[in-house]
Amino acid sequence: MNLRTLAFRYLSRQRLKTMLIVISISLGAALLSASQVFMASIEKSNELSIQSVYGDVDLYVGYQLSIHDELRKPLTEEDLKNLESLTEVRQIGTIHYPYLGYEEEYKMWDDIYVGFNEEPLAYESTMVDIGEQTIPAEREVIVSRAYASIHDVAIGDYIDLLFPPGEKEQVKIVGYSNEDREDLSSVLLFQAEWLQSVTRKGPTMAMLQLDSHESKQSVHDQIVQMNPLLNVDLLEETNDLRENVGGLLPILTSINIAVIIVSGLLYRSIMEVMIQERNQQLAVLRLVGASKRNLLFLAYNETLFMSIVSLFIGLVIGICTALMILSAPMTFADVMIVTTEIPWLSIGFYLLLYVASLFIFSVFPVYQASNVSPISTYQQSSSQLTLTRKRVRLFIVLLVCTLILSILSFVTTSVWLHVLSMFSIVMLFFVCITHTLRFALRVVHSIIKPLRHSSVWTLAPLQLLRHIQKTKAIAMLLSACIILTTLGFTTLENLKETSIDQLFSLNPADFRVTSYAYGNYALQNQGFSPELYDEITLQNDVSEPSNYFTTPFIGLTTNLPNATWATEDVDGTAQVLAQIKGTDLHPYLEVARQGKTTINELDPFDVVITERTADALGYEIGDQINLKSIESDEEAFDFSFTVASIVSNHPFLSNEQFEPFDSFLMTPKQMDDHFAITQHSELLLSSANRQAEQQIHETIESLQLENDVHVINRYAALEEFQEQYNERLYVLAFTIGIMIVLTMAGLFTSSMSTFQARLTELSILRSIGLFHKQLHRTLLLEGAFLTFISALMASVCSLWLSMHLTFSLQGSLSVLPVTELFIIIVLSPVLGILGFLLPTRWALRQNILKHLT
Amino acid sequence: MVLLDVNGVSKIYSPRFYALNNLSVSFEEGSFTAIMGSSGSGKSTLLHLLAGLDKPTSGTITLKGNEITNFNDNQLTRLRNEEFGFVFQQFHLLPVLTALENVIIPTSFTKHRPSSKEITARAQTLLERLHIGHLAHVLPKKLSGGQQQRVAIARAMINKPSIVVADEPTGSLDSFTSSIVMKEFKDLHQFLGYTMIIVTHDPTVAAFADRVVIMNDGKLVSNLPFSTSQSMDQKVKTIHHTQLQNGQMVE
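Within every chain, residues take consecutive numbers counted from 1 along the sequence as written. Each chain takes a letter, starting from A, and each ligand takes a number, starting from 1, following the order in which they are written. In keeping with the predicted nature of the model, local features appear solely for residues at pLDDT of at least 70, side-chain atom pairs appear and are counted solely at 80 or more, and the whole-chain, interface and lining totals rest on all residues. As a convention, hydrogens and water are excluded, and side-chain values are obtained from all of the structure's heavy atoms.

A. Layout of the pattern of salt bridges. All names here are of chain A. By salt bridge we mean one thing: a side-chain nitrogen of Lys or Arg within 4 Å of a carboxyl oxygen of Asp or Glu. Evaluation of the coordinates by the stated rule reveals 22 salt bridges over all chains. Taking the shortest distance from any N to any O, the salt bridge between E682 and R512 comes out at 2.9 Å. You can see E682 sitting in strand β22 (residues 680–686) and its partner R512 sitting in strand β12 (residues 511–515), a full 170 residues away along the chain. Only protein chains enter the accessibility calculation, which uses a 1.4 Å probe; a residue is then buried when its area is under 20% of its type maximum, exposed when over 50%, and partly exposed in between. Owing to a relative accessible area of 10%, R512 belongs among the buried residues under this scheme. What counts as a helix is a DSSP run of H or I of at least four residues, what counts as a strand is a run of E of at least two, and both are numbered from the N terminus.

This is the structure in structure tokens:
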């Protein structure tokens, strides 16, 4: 008998226990396998969909890829050789498109002549859709049915075609292209070499199929470096389509990681319970000569056996379930699933990671197993973890260190310190969980004792205390789930808040009307008529605050008091690019911080700045601001203004193009007087009516400004964002669901195992007069107390962690999931009761007498 | 020849509580010694120290001339595996193994392991000598208390130890089964010649030994060697008498 056999005996002769453990572990393996099959099938279906539209081609390369390309030069033999020699290029094919860009010159507007050689990649081109037919031979052509119908020709007919600048040639129609492809109705397909011989020389472009579409950019860069005159079509559209599915990958990876962590913890808790139950048996083994290493080997062998069986079962269940679900017609992430794919490599990778996590998470219980003292054989009950002075010291040291770190990170706002604090909190929580749990159970017991005299209520916490090690295992699992959920939620909420902040900072009003050239082209932008603002504000739906901004005058400030933000330095003068624009200053002057407070007080050369501008550039009331035109060197275009008022910062006045300061402001009249600018470039409109966009568009159309302006609807952007957020929220909810299932599996397995070991004790309780119903309630209460206390402890820890996470992400405390945690705490006893329900019923159905004797 | 020698051993848990107080006792090779004493007299502590399960606060214990009190964990593990056989009150059989497998298990940890065939044959012989050979492939839960204890005895002897240590081996058995188990124990001792040390409360069990050591308050208060001519009844009476003399309650 060797230790491997003993490990196998433990599993094979405790079938119920082994079965429950295997089910629990295989659940994780099934989820991992299924998620990989889902992802691969979606990716494959997406790829097929992309290929059906764009062909299995990654790049098009040529001097001339469209009519806009000026260099009308065919690819040379050397070009093709160079392209083929690139390591990431798998296949290359050529296209001859002789009249591209010569349509006008040769009057070739009606028909498109294209030539392909008989090579695999030819059939991947979007211009070749000829079914089972092959590429035509010399003097042959494939036409569309539409062409045949218009010209009253059919397969087998000979037709005369003009091949400018050459002569007419007679070619034979050998086939039709796909009649469903209307876009091919004017395409005439020839053999490339023959077409070159009668038209322009050399292929127009090359089609490149790469080893992986991920290397597109790298191949592009190599081509451009090789020959800068070559144009490369990266088929960006396909990238967008791939990215759509690619976005799922990080989400699925997060789920997989959560599954691996929770399953690892689940296995750890199961192992801990098992080791506790087997404490005396392990001690006997130590007594009869087993070394610590022997016991380590024994425990790891069990893990290995269970992992292998569970992985196999999980793999089969996961793949079968995924294939079954995918066999039904369905669309996911806008991709119609048309095929299934089993990615053995990534499944293997994840399952390997899974086994590794099981081994890593079982290190502690396995170490515990190997550390069992042989003297435990003589002890009637398994040793309880006592609160030794050493442990108290460790707890205090950890607590003090964590508190110091935590306070320091809040004071210094260092991201690294926040991360370190989070790590320390997690360490503190899991290292001290037994004692915290024991303390919490004692508190609960002391609260309940004077309130409820019923043995049902008082027994439950005491029983949990007695089996503190087993209780701890479940508490750890549940706590991990709650902590992971909370952190996931906090991250999501933080991202939501940041995204909404960005959205609101970009769009400070509900609707924003800007000239089309807004942005980088603003310098050349002439703006649009001020009439638009007047017309729009007449509408009932538009309300305060709304405002307009004239086209800005952009110049360099040449007398900066604070040169921190200076970007230009000519002849030792600190300069910064700034803009001045006109607006209705009323609302801002009313709450001016310093200086003049009404428009009437403003002198012709007065300018208004925001507090942020004053802080960043150092201007104060009465200071001169010298602005030099960037378009002209003449002194006549230099201006000097006086800071007349410093107003509070306002979202309408912020300008991210010129961060960290805002535009200088003046009245529209001043803008007209100084710069002859009357046009508007931006309108910011508030409206409680989400449908106001329609009215705004109508006004734009009525003024015939639809080609000059565009409208940004914050509501629509917000809705779009909310949709994306909800998608992520559903994924988080799904992950939580998985974690709840795994926790339930843990609760069920551990309670079943614990009750099995406690049958004698339960029988004694029944024999001394505890009613069946009372015992039933006691056991269920144990579950409820256990999950409630765990949830309570985990919630405190989660809240602490969330605070650090929020601060490290520079979020606000309003995102802390206090309500969610409260709901978790309130609902947690239900989870305990549900998890303990079946094992309790099973335990109470056992024969009392059998277990008493 | 002295096999195991305890010299001036003390085990102090607190300044007020001496589990063993400067105790000296030796065990001859091939002897059968019973250690008796009331609860808290220190007999279990002595047993733990003898088997290297615990370390004395002071004093030395030597086995075959080697001081074992300074052994490290690995040395002690090897010692327990090769030199000691253990029998417990609660049998402590592994529930997932059959009787035969339970007997064989200590051989899994020996350094120079004989062949599986040889071990199985040896285990089967031991079970047969204990009259449970027919139960070799039965799981412990299907065996009676007496049968389980016999399996445990066979397990203790499988590695041919120098010393078999039994802690209340009949504590979980009825008196009839106890006497049968003890007779078989004694037979095995005579047949195999191992040194045996048993801890017991029961004078009728102790009477199977060649010598009875009585302990009180961590000290050895009486050493009763028996001659082969003494009957079981005489031995029991002597033990009772000595216990009464030492102020110990007779059970």
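Still more to cover.
B. Seen up close, the sheet that holds strand β2 (residues 17–28) of chain B. Residues and elements named next belong to chain B. Between any two strands, at least two bridges found by DSSP are needed for them to pair. Strand order in this open sheet of four strands is β2-β1-β4-β5, and the pairing throughout is antiparallel. Of all the strands in the sheet, the pair left with one neighbour each is β2 and β5 (66–67). Alignment of strand β1 (residues 2–14) against strand β4 (residues 58–63), held across five bridges, turns out to be antiparallel. Bridge assignment links L4 to a residue of β4, and that residue is L63. It only takes one pair of heavy atoms within 4.5 Å for two residues to be counted as in contact. For helices, the fitted axis covers only the stretch in contact; all axes are lines through C-alpha atoms, and the angles between them, taken along N-to-C directions, range from 0 to 180 degrees. Across the sheet, helix α1 (residues 43–50) lies against β1, β2 and β4, angled at about 120° from β1, the strand it touches most.

C. Looking closely at the interface of chain B and chain A. The interface is formed by 27 residues belonging to chain B together with 24 residues belonging to chain A. Buried area: the sum, over both parts, of the accessible surface (1.4 Å probe) that disappears when the two are put together. Together chain B and chain A conceal approximately 2400 Å² of surface at their shared face, both sides included; 67% is due to carbon and sulfur atoms. When residues of chain B are sorted by the area they lose upon contact with chain A, H92, V96 and F109 of chain B head the list and together hold 26% of the total. For the pair chain B and chain A, the number of links is three salt bridges. Its salt-bridge partner being R13 of chain A, residue E101 of chain B comes within 3.1 Å of it at the nearest N-O pair. Elements represented by at least two residues in the side of chain B that touches chain A include exactly α1, α2 (73–83) and α3 (99–104) of chain B. When grouped by side-chain class, the residues that make up the side of chain B that touches chain A number 13 nonpolar, seven polar and seven charged. When residue character is reported, Ala, Val, Leu, Ile, Met, Phe, Trp, Tyr, Cys and Pro are called nonpolar, Asp, Glu, Lys and Arg charged, and the others, Gly included, polar.

D. Inspection of the packing of helix α9 (residues 248–277) of chain A against helix α13 (residues 363–370) of chain A at higher detail. Residues and elements named next belong to chain A. At a minimum axis distance of 8 Å, the contact between α9 and α13 shows a crossing angle of 15°. Relative to α13, the element α9 is oriented roughly parallel. Here the hand of the crossing between α9 and α13 comes out left-handed. Two secondary-structure elements touch here, α9 through R268, M271, E272 and I275 and α13 through F364, P365, V366, Q368 and A369. When its residues are assigned to classes, the contact of α9 with α13 shows six nonpolar, one polar and two charged. The scheme is simple: roughly parallel for angles under 35 degrees, roughly antiparallel for over 145, roughly perpendicular for 65 to 115, oblique for anything else. With the far helix as reference, a near helix turned anticlockwise by less than a right angle produces a left-handed crossing, and one turned clockwise produces a right-handed crossing.

E. The arrangement of a negative patch on the surface in detail. Candidates for patches are residues over 30% relative accessible area with no salt bridge; among them, like charges are joined within 9 Å and nonpolar side chains (Val, Leu, Ile, Met, Phe, Trp, Tyr) within 5 Å. Computed with a 1.4 Å probe, the accessible areas rest on the Shrake-Rupley method; for each residue, only the protein chains presented here act as cover. This count recognises Lys and Arg as positive and Asp and Glu as negative, with His and chain-terminal groups excluded. Each charge is placed at NZ for Lys, CZ for Arg, CG for Asp and CD for Glu. A contiguous patch of negative charge on the surface is contributed by D233, E236, E237, D240 and E243 of chain A. The leading source of residues in the negative patch is helix α8 (residues 236–246) of chain A, at four residues.

F. Summary view of a positive patch on the surface. Together, R389, K390, R391 and R393 of chain A line one region of the surface with positive charge. With respect to the helices and strands, the residue K390 of chain A is situated in helix α14 (residues 389–412).

G. Spatial organisation of the packing of helix α25 (residues 759–767) of chain A against helix α26 (residues 772–808) of chain A. All names here are of chain A. Two elements in contact, α25 and α26, have axes whose closest approach is 9 Å; the angle formed by their N-to-C orientations is 140°. In terms of orientation, α25 and α26 fall into the oblique class. Once α25 is placed against α26, the crossing between them reads as right-handed. Residue-level contacts link L762, L765 and R766 of α25 to H772, L775 and L779 of α26. A class-by-class count of the residues in the contact of α25 with α26 yields four nonpolar, one polar and one charged.

H. Representation of the domain arrangement of chain A within the structure. Taken domain by domain, chain A consists of domain 1 (3–40 + 246–378), domain 2 (58–239), domain 3 (434–498 + 721–852) and domain 4 (509–715). Delimitation of the domains relies on an automatic or database domain assignment. The C-alpha-based centres of domain 2 of chain A and domain 3 of chain A are spaced at 67 Å.

I. Main features of α13 of chain A. Within the sequence span of α13 of chain A, burial applies to P365, V366, Q368, A369 and S370 of chain A. Each element contacted by the buried residues of α13 of chain A is listed here: α9, α10 (279–287), α11 (292–327), α12 (344–361) and α18 (468–506) of chain A.

J. Inspection of the sheet that holds strand β3 (residues 32–37) of chain B at higher detail. All names here are of chain B. As summarised here, the arrangement of the six strands in space is β6-β7-β8-β3-β9-β10, forming an open sheet in which the pairing is mixed. Each edge of the open sheet is held by one strand with a lone partner, namely β6 (84–87) and β10 (219–225). Averaged over all adjacent pairs, the angle separating strand axes in this sheet is 20°, with direction ignored. In this structure, β6 lies alongside strand β7 (residues 163–167), joined through four bridges in parallel fashion. Counterpart to G85 in the pairing with β7 is V164. Sheet contacts for α2: β6 and β7; angle to β6, the most-contacted strand, approximately 75°.

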